[in-house]
Amino acid sequence: MMNNPSNIDELIKNHNPFAGHIVVRPQQIWGKSFPDVPSINTHASSAVFNAISKISQGHHQTIGITITAEKGLGKSHILSRIRHRLQDKDNTLFIYMSKYDNLNKIQHEFLQNVTSSLSRAFVGRQIMQWTEIASDLLNEISRWDYTPEQYVSGVFAKVLNKYSTKIVDQLAINIQKNKHNITNPYIIKAILWTLSPNHAMYANRWLSGLEITPEQAEFMGLPNPTKEDREAEALSTVRQILDLISDYRIPVICFDELDIADVADNGFTAAQIIANLVKDLYNNLKRGVLLLAMYPQTWNEQIRALPQADAVIDRLVSEQTNKQPIELKYLNSDDIITLVQLWLQDFYQEYQQTPRHSLYPFNEAKLRELGKGKPTIRSVLKWCAENFTLTDQDKPKTIHPVEPHFKAAVVNVNTAINLLLEDEVAIAAALRVAFASLARETIEVEGVKVERVEKILVNKADQGYLNFRIVGNNGKVKIGVVVIQQSGGKFIGAALKRLIEYEKFDLTRGCLVRSKKINSGASVPQECLKILLKKRGGEWVLLQKEDIKPLLAISSIYHNCRSYELAEEQIFDFIKQKQLATNNPLIREILSAPSGKIPDNLAEDELPISIPQNNSSADYIELNL
């Protein structure tokens, strides 16, 4: 390591390890997280690990745990710690939910979060949690002992080549004979398909209750769900998935960010709806840990106010926590010293520097003084970000308060961009923020002065298809926008049908945002697309990773501005200052005059019909059914 003091001082002037890192985002729950001090609030994480131990020993079936803490005290840090500790255990699976976009369809949203969680790869391994379960199912029925890595790298492909894809049907039938709670054999079949790298994405979409193309469905032997079936069947599908998981692993199901202000049509808040969902899961799970995190006031004012609250609360807290939520503690002086030392240790190691002392450039006495005020983790990290400097003369020039958070958000988006590119809700939300910022400016972009961004009012039959409307040029321009990344021809056709109904939805132009081709054999989408582009003057705008990344990053900050202690005006000012909207090719293309053409460089969205032969040590495959 280098010990030149001038190198260290120059490093401190140009890099701040604390800036932009006061909030734990979902990407850090799954990927690389903040430095963790195990001694801080160890009582909370230990309660979860103890619960897992008791369940694995057969002393309990299901245990509910609720963590309460004020904003910034470290709820998500605890969940991140739990997630990263569990990845080293072979008897658990981790499921995480922190977004509640549609409280009226929470069962389908929960299903999507379950399948999204199970499609996550372990840190340091390219193996999804799905493949752990699929491997267990296949090993049990075939009496093999292959690892998930072996199946994914070639064994499963060899099985398909040797016996044809119909072997998946036979395997699912044989597995179901021992799984009496599984009434839908297609769930087993879809899970087995996650062992094929070329088909895992489509299997996961199907398990999420989303449509895949008829060709994909036929090849994999999976029936496509209808829109009407999705919410009705979602909870049943979740129960069956969790039943399968419970035979081999203990599911740890976490619900975070429950303190949002949204209310469902029935008048219940997000926390109340999730509490009722957890009650149902508790009653039906074979085994598992149900973990919730919320503010104390959310617990006292919303959970305790539920009808038949005692029955719900009994399932949200366990005997091992004295039937009470676990309260996180404020930091003391020793906690702060340990926390800051760990962050600085990681920072200096990354840049191969050895500081003058472990807290450099901070003064230990000042840090200990902070501890007397019983601060939160967030407030300590914020203080460190603001005071990470050498002397008053060496302080860097003033930067925009949003900038460090934006830089950190971009890093998080980069690590999860492949998943985010499939998240139509997140993409639409990011575009709305960008256009809302343009509405605050006086300039024209591509000949359009954006005045406002509106929700398109629709009846029940039209819900869920059109994202928003851009209004500009004194109301003369009204662009309806729909983001469609999924494959199913039925949904694409239904959305495009509405996008070309300009009179019904008060539009002057329709805009499809999509990165993939549309199946040439899907007659309804192709016909609607022809009308959109050739007859109605609409447009298909190519969605590209590099264009949407900065918009997703700033959108994540905008929608969590209270956690970042930022005002909306500051975020819009940053967007304007950095020209994130005005210079973004995607935004400009949506506003520009339509070309009437299908974009070039669209990604393929077709299922490979042939099964690739992969090299594998398993040259001889013999099934014992």
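Calculation criteria
Residues numbered from 1 in each chain as written. Predicted model: local features only at pLDDT ≥ 70, side-chain atom pairs only at ≥ 80, totals over all residues. Heavy atoms only, no water. Phe/Tyr/Trp six-rings, centres within 6.5 Å; stacked < 30°, edge-to-face > 60°. Buried < 20%, exposed > 50% of the residue type's maximum accessible area, 1.4 Å probe, protein only. Core = buried A, V, L, I, M, F, W, Y, C linked by side-chain atoms within 4.5 Å. Contact = heavy atoms within 4.5 Å. Pairing = 2+ DSSP bridges. Helix = DSSP H or I, 4+ residues; strand = E, 2+ residues; numbered from the N terminus. Axes fitted to C-alpha atoms, helices over the stretch in contact; angles between N-to-C directions. Arc of directions from axis to C-beta. Right-handed = clockwise from strand over helix to strand, strands pointing away.

Caption draft 1: The packing of aromatic side chains, seen in detail. Overall, the coordinates contain 20 aromatic pairs when judged by the stated rule. Ring geometry for Trp144 versus Tyr146: centroids 5.4 Å apart, planes at 70 degrees, classification edge-to-face. Since its relative accessible area comes to 14%, Trp144 is described here as buried. Joined through ring pairs, the aromatic side chains of Phe18, Trp343, Phe347, Tyr348, Tyr351, Phe362, Trp383 and Phe388 make up one cluster.

Caption draft 2: View of the nonpolar core. Counting residues in hydrophobic clusters, the biggest one holds 107 residues, and the most contacted among them are Val340, Leu431, Phe435, Ile548, Ile590 and Leu591. Not counting the four nearest positions on each side in its chain, Phe435 is found in contact with Val450, Val453, Phe468, Ile470, Ile587, Ile590 and Leu591. Of all hydrophobic cores here, the second largest spans 79 residues; its members include Tyr100, Val114, Trp144 and Ile212.

Caption draft 3: Fine view of the sheet that holds strand 8 (residues 477–483). Here five strands make up an open sheet; going across it, the order is 6-7-8-9-10 and the pairing mixed. For this open sheet the edge positions go to strand 6 (450–454) and strand 10 (539–542), each flanked by a neighbour on one side alone. Put simply, the sheet's adjacent strands are angled 25 degrees from each other on average, direction ignored. Of the strand pairs in this sheet, strand 7 (residues 468–472) and strand 8 are connected by five bridges, and their pairing is antiparallel. Pairing of Gly472 across the sheet is with Val477, part of strand 8.

Caption draft 4: Looking closely at helix 15 (residues 309–316). Buried residues of helix 15: Ala309, Val312, Ile313 and Leu316, and no others. Down the axis of helix 15, the smallest arc covering the buried residues is 95 degrees, so these residues share one side. Structurally, helix 15 contributes buried residues whose contacts are with strand 1 (62–68), helix 13 (270–284), strand 4 (288–294) and helix 14 (296–303).

Caption draft 5: Examining the pairing of strand 10 more closely. Of the two faces of strand 10, both are covered, the one formed by Glu539 and Val541 as well as the one formed by Trp540 and Leu542. As judged from the four bridges shared by strand 9 (residues 509–514) and strand 10, these two strands associate in the parallel manner. Paired with Val513 across the two strands is Val541, which belongs to strand 10. Regarding topology, helix 24 (residues 523–535) serves as the crossover connection from strand 9 to the parallel strand 10, and that connection is right-handed.

Caption draft 6: Inspection of the environment of Gln544 at higher detail. Position of Gln544 relative to the elements: it lies in the loop between strand 10 and helix 25 (545–558). Given a relative accessible area of 40%, Gln544 falls into the partly exposed group. For the pair Gln544 and Leu602, spaced 58 residues apart in the sequence, the C-alpha separation amounts to 9.2 Å.

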